[in-house]
Amino acid sequence: MDAPHRPLADRLRPAEIAELVGQEHLTDAGGAIARLMDSPDLPSLILWGPPGSGKTSFARALAASRPALAFEPISAIFSGVADLKKAFEAARLRRQMGQGTLLFVDEIHRFNRTQQDSFLPVMEDGTITLVGATTENPSFALNAALLSRARVLTFRALDDAALERLLFRAEAAMGEALPLTPGARTALISMADGDGRAVLTLAEDVWRSASP
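Residues numbered from 1 in each chain as written. Predicted model: local features only at pLDDT ≥ 70, side-chain atom pairs only at ≥ 80, totals over all residues. Heavy atoms only, no water.

(A) Structural detail: the side chain of E171. Inspection of the secondary structure puts E171 in helix α10 (residues 160–174). For E171, a relative accessible area of 13% puts it in the buried group. Each residue touching E171, except ones within four places of it in the same chain, is listed here: E176, A177, L178, R185 and W207. (Helix = DSSP H or I, 4+ residues; strand = E, 2+ residues; numbered from the N terminus. Buried < 20%, exposed > 50% of the residue type's maximum accessible area, 1.4 Å probe, protein only. Contact = heavy atoms within 4.5 Å.)

(B) Expanded view of the packing of α10 against helix α12 (residues 196–210). Packing of α10 against α12 brings their axes to within 10 Å, and their N-to-C directions diverge by 40 degrees. Here α12 runs oblique to α10, going by the angle between their axes. By crossing handedness, the relation of α10 to α12 is classed as right-handed. The segment α10 lies against α12, with L163, L166, L167, A170, E171 and M174 engaging G196, V199, L200, A203 and W207. (Axes fitted to C-alpha atoms, helices over the stretch in contact; angles between N-to-C directions. Parallel < 35°, antiparallel > 145°, perpendicular 65-115°, else oblique. Left-handed = near helix turned anticlockwise from the far one by under 90°.)

(C) Just helix α5 (residues 81–96), in detail. Compared with the 22 Å implied by 1.5 Å per residue over 16 residues, the 23 Å span of α5 between its first and last C-alpha is a close match. Among the residues of α5, L84, A87, F88, A91 and R94 are the ones counted as buried. Buried residues of α5 fall within an arc of 120 degrees about the axis and therefore sit on the same side. Away from its buried face, by an angle of more than 90 degrees, α5 presents the exposed residues A82, K85, K86 and Q96. In the core, the buried residues of α5 are packed alongside β2 (69–75), β3 (100–106), α6 (113–117) and α7 (119–124). G98, located one to two residues past α5, shows a positive phi value of around 90 degrees. (Expected span 1.5 Å × (residues − 1). Arc of directions from axis to C-beta.)

The following block contains the structure:
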């Protein structure tokens, strides 16, 4: 049985933080992410930025760079109190065996105040290192108590140069150039509107449409 198709954006997800594009204000020497990577201790983080700016990719690459931490992703859109309790209990069991947990929560602003408060004790006692991603301003979307225990990293929409780099990476992976005129390529980048996932999805659609 053939393996299910993986979207191009997923196949090209950065495996290392150095492969992250468009966030040089964080990843360059002296940036917040660069300093984090030099630190032996990883604080809880809130990643704030528009869709397709690399928040999830960064969280996965960060976990890969810390082999002592198990990576557990959940989405606030699809998870509730029972799911949180299950994740916390699994983290407690790992801690008893000497392993930490990086709990990645996508769309963390979707959790209500009570659900957000449930993170506090497991953050305080070191059971989890929380990495939450949000497209909403955390100052308004998240509890002050949660924010006081985490560091906010602001991700920016990708500029045209960053989106172009993603297209070059996609062409290398596909082994062929996009069948577009320079003007059409510029239009495709403009349509993505700073979203790295969107530009790769559009590129994949172009290749699919061009296939005989």
